[in-house]
Amino acid sequence: MRLSRPAPTHPPAPRTPGQSLSPWLVFTVISVALALIFVVTPIANVILRSVATGGGLDGWREFVTEGKYFRALRNSLLLSALVSAISTVIGVFLAYFNTRYRFWGKSVLGTLPIAVLLIPELIISQSWLMLLGNNGVVSNWLRDVGIGFPSMYGWAGLLLVMPLFSFPYVYLGTLAAFKGFDSQLEEAAVSLGSTPFRARVRVTIPAILPAVLSTTILVFSLTLGNFTTATVVGKRVELLAPMTYRVFLAETGADPKMQSTLATVSVAIIALTLLGQNLLIGGRRYHMVQGRSWTPIPLRGPHGFALTSIATIIVAATLLPFGLTAVMAFTKSTGPVLHWGEFSVDNFASIMVSDPYPIRNTLVFGGVACIIGVILSAVVSTVIVRKKNLLSPLLSYLVMFPQALSGTVLGIGVVMSFGGRPWNMSGTALIIILVFVVRRLPHGVRSASGSIHSIPESIEEASVSLGVPPLRSFARVVLPLMLPGIAAAAILTWVTIIGELSASLVVYSAGQETINIRIFQLMFAGMNGQAAAYGLVLCVLALAPILVATRVLKVRLFT
C-alpha cells in the first residue's frame, strides 16, 4: 500500500484588526453587558435584599408564620392553574375549529381573537365590571326583574375575565402548530389499520403538544404575575402580585424586607416554571420538513351550527369590552354616576382640557422606549438567530426572562437598583422608560426573530463572496429585507408599552402618570366616564399604527 503525502498546508494569513474581532461579537458582548446590568441586577438585588435587610431572615420568618402570605401564594398558584386550563381549552378549540373546517366568515372569526391582545388589560377589566359589577348594566337589570346575580369581585370575576384575554396566546401557538402539521402522517396511520380517533391520539396530538404546553405555561406565568385584573376584579382574593404592591407602598422609605421577600418568591416560582418547561418540552419538539396541511371540511348541519355558535360567542365576548368602553366614553356622567342613554363629549373635554398630561407622558415615554426597544430588538434578534456565538443562548435567556416576570417585581427591583446612588433615576422619566424597555423587549425580539428566520443566508454569503465586507453586506442586503419584521416589532412593542401598568405604577412619581396609571386612579375614585374616555384614547393610540401598517404599508403582523 502506498501512502500519499498529505498536501502541504499554508500557514494562516495574519488577521487584520477588522478580521480579528467580529462586529457581531462586539454587539453580543455589549448586549449581554446591558442585560446583566438592567435585567439581572434588579432581580439579584431583590433576592439579596430578602436576606440582607432587617434582621437578616426576618422577612422569611414573617412569610412562614403569617398565614396571609401562604394564602396569597396558594391562591396565586390555583388561579394560574385554572386560568391556564380554561385558556388552553378555548385556544385549542378555536385553533382546531379554524384549521379543520371551512365556513362563512372564517377569516374574520380566525383573526378577531388576536385583536384581544391589542386592547389594554385595564380596559377589559373595567368594561366587564361596568357590565357585570355590583352596579353594572346587566347585573342591575337582572336585579330589577328579580334575578339574583353573584358578585363579579372575587374568583368568579377572575375566572371569567382572565381566560378571555389569555387564550389568544394558546390560540396563536396552537394555530401555527396545526397549520404546520403534515396531514399525510395521520393518513398513513389510518392506512396501516389505525382508527381515525387513534391516529389523532397517537400522531396528531404528540405533534402539536409542545406548542400547546409552551403556550399554556406562558399563560400560567403571566397569570401568576398578573397585577391589573387581580387588583381591579379580584379585590377580596389574596394574591401574590397585588399583595407585593401593597407591601411595597407600606414599606416606602422603610426597610424593604417583605417586598423583597415576596418578590423573591415570585422570581423563584417563575424560575422553576421555566425549568419545568425545558424539562417537559425540551425533548419533544418535532419539525415538519414538508408535507400537506389539512384540507378544511365544509361545516354544515346542526353540528356545524353548534360549533360556529360556540366560536362566535367566545370571540364576541372577547371584543365586548372594546364596544362597551366606547359607549361609556360618550355617556354623560355626573361624578361616579353614568347616565345611560344620554350621550355627550364632556368626558373627552374634561380629559383634554384639564388633564392632558397622561396622554403626553404616554406618547413621550412610550415613544422613546419604543425607539430604544426596536433598535435593541433588531440587534439582539440578529445575534441570537443569524450571527450565533457562544453567548447567544445566554443573551436569549436573559432578554426573554422579563416576559414571564411580574411587572411589580421588576419595578421593585429597578427602584432598588437604580433609584438611588449612583444612578439616581428615582423621580425621573428615565426610570419609567427603563422599565418599559426591559419589560416589553421580549415582544420586539420575538417578532423580529421571526422575520430573520425567513431570510436565506445564501444571499448574504453571495454578497460577501463578491468582495463586499460582511457588515456592509448585512446593511445593504439583509437589513432591507428585515424592515417589515422590524416594523412589526415596532408596532407590537408600542402596543404592549402603552398597555403597561404594573411596573410603571411602582416606579412613577407625581406628574409622570401615563394613561394607564390615570385610568387606574380614576377607576378607584369611581370616575368611570373619564376613565372610559382615557381608555378609548388608549385604544386609538394602539390601533391607529396597526391600521396604518397593515392597510398602507402592508406589514404582516402575528406571522
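Remember, predicted model here, so these are calculated numbers, not experimental data. (Residues numbered from 1 in each chain as written. Predicted model: local features only at pLDDT ≥ 70, side-chain atom pairs only at ≥ 80, totals over all residues. Heavy atoms only, no water.)

## Focus: unusual backbone geometry
At step 1: In this model, Arg 421 is joined to Pro 422 through a cis peptide bond whose omega is 0°.
At step 2: Note on placement: Pro 422 falls in the loop between helix 18 (407-418) and helix 19 (429-453).
At step 3: Despite not being glycine, Asn 424 shows a phi value in the positive range, around 55°.
At step 4: When you line up the elements, Asn 424 lands in the loop between helix 18 and helix 19. (Helix = DSSP H or I, 4+ residues; strand = E, 2+ residues; numbered from the N terminus.)

## Observations regarding helix 2 (residues 23-52)
At step 1: For helix 2, spanning 30 residues, the distance from its first C-alpha to its last is 41 Å, which sits close to the expected 44 Å at 1.5 Å a residue.
At step 2: Most pronounced at Val 40, the bend in helix 2 amounts to some 40°, and the proline Pro 42 follows within four residues.
At step 3: Among all positions of helix 2, only Trp 24, Thr 28, Ser 31, Val 32, Ala 35, Phe 38, Val 39, Pro 42, Ile 43, Asn 45, Val 46 and Ser 50 are buried.
At step 4: Backbone nitrogen of Trp 24 and a side-chain oxygen of the N-cap are separated by 3.2 Å at the start of helix 2; the cap is Ser 22. (Expected span 1.5 Å × (residues − 1). Bend = angle between axes of the 7 residues up to and from the residue. Buried < 20%, exposed > 50% of the residue type's maximum accessible area, 1.4 Å probe, protein only. Polar contact = N/O pair within 3.5 Å; in protein donor to acceptor, adjacent residues only side chain to side chain.)

## Examining the nonpolar core
At step 1: One finds Trp 128, Leu 262, Ile 515 and Ile 519 to be the most contacted residues of the largest nonpolar core, which totals 125 residues.
At step 2: In terms of residue count, helix 24 (residues 528-552) provides more of this core than any other element does, 12 residues in total.
At step 3: Shared between two domains, this core holds at least three residues of each, these being domain 1 (69-245 + 265-293) and domain 2 (336-558).
At step 4: The next biggest cluster of nonpolar side chains, apart from the first, holds 24 residues, and it includes Leu 94, Ala 95, Phe 181 and Ala 211. (Core = buried A, V, L, I, M, F, W, Y, C linked by side-chain atoms within 4.5 Å. Domains from an automatic or database assignment.)

## Structural notes on the pairing of strand 3 (residues 331-334)
Two faces make up the sheet, and in a regular strand the side chains alternate between them.
At step 1: As judged from the four bridges shared by strand 3 and strand 4 (residues 337-343), these two strands associate in the antiparallel manner. Bridge pairing in strand 4 links Thr 331 to Phe 343.
At step 2: Between strand 3 and the antiparallel strand that follows it, strand 4, lie two residues; Gly 335 among them carries a positive phi value of about 60°. (Pairing = 2+ DSSP bridges.)

## What to know about the domain arrangement of the protein
At step 1: Per the domain assignment, the segments of the protein are domain 1 (69-245 + 265-293) and domain 2 (336-558).
At step 2: Taken together, the contact pairs 27 residues of domain 1 with 33 residues of domain 2.
At step 3: Carbon and sulfur atoms make up 82% of the area that domain 1 and domain 2 hide from each other, which totals about 2600 Å².
At step 4: Applying the counting criterion to the domain 1 and domain 2 interface returns zero salt bridges.
At step 5: Here domain 1 and domain 2 share one residue pair in polar contact (both at pLDDT 80 or more) between them.
At step 6: Sorting the residues of the side of domain 1 that touches domain 2 by element identifies helix 6 (121-132), helix 10 (196-224), helix 11 (228-232), helix 12 (240-250) and helix 13 (257-281) as the ones contributing at least two each.
At step 7: The residue inventory of the side of domain 1 that touches domain 2, partitioned by class, reads 19 nonpolar, seven polar and one charged. (Contact = heavy atoms within 4.5 Å. Buried area = accessible area lost by both parts, 1.4 Å probe. Salt bridge = Lys/Arg side-chain N within 4 Å of Asp/Glu carboxyl O. Nonpolar A, V, L, I, M, F, W, Y, C, P; charged D, E, K, R; others polar.)

## Details of the packing of helix 6 against helix 7 (residues 137-144)
At step 1: Interaxial distance between helix 6 and helix 7 falls to 3 Å at its minimum, and their mutual angle equals 10°. By the angle between their axes, helix 6 is roughly parallel relative to helix 7. Residues Met 130, Leu 131 and Leu 132 of helix 6 pack against Val 137, Val 138 and Ser 139 of helix 7. (Axes fitted to C-alpha atoms, helices over the stretch in contact; angles between N-to-C directions. Parallel < 35°, antiparallel > 145°, perpendicular 65-115°, else oblique.)

## Topic: the side chain of Thr 244
At step 1: Here Thr 244 shows up in helix 12.
At step 2: Once residues lying within four places of it in the same chain are set aside, the contact partners of Thr 244 are Gln 259, Leu 262, Ala 263, Thr 408 and Ile 412.

## Observations regarding the state of the cysteines
At step 1: Per the stated rule, a full pass over the model turns up zero disulfides.
At step 2: Here Cys 370 is not cross-linked by a disulfide; its sulfur's nearest cysteine counterpart is in Cys 539, at 18 Å. (Disulfide = S-S within 2.5 Å.)

## Some details on the confidence of the model for the protein
At step 1: Per-residue pLDDT for the protein averages 84, and the proportion of residues at 70 or more is 91%.
At step 2: With pLDDT under 50 throughout, residues 1-18 is counted as low confidence; its partners more than four residues away or in other chains account for two contacts. (pLDDT = per-residue confidence, 0-100.)

## Some thoughts on the packing of helix 5 (residues 106-115) against helix 14 (residues 301-329)
Two packed helices can be described by the angle between their axes and the distance between those axes.
At step 1: As a packed pair, helix 5 and helix 14 sit with axes 9 Å apart at the nearest point and diverge in direction by 30°. Between helix 5 and helix 14 lies a crossing whose hand is left-handed. Along the contact surface, helix 5 presents Leu 109, Leu 112, Pro 113 and Ala 115, while helix 14 presents Ala 311, Thr 312, Val 315 and Leu 319.
At step 2: Here the contact of helix 5 with helix 14 is built from residues that sort into seven nonpolar, one polar and no charged. (Left-handed = near helix turned anticlockwise from the far one by under 90°.)

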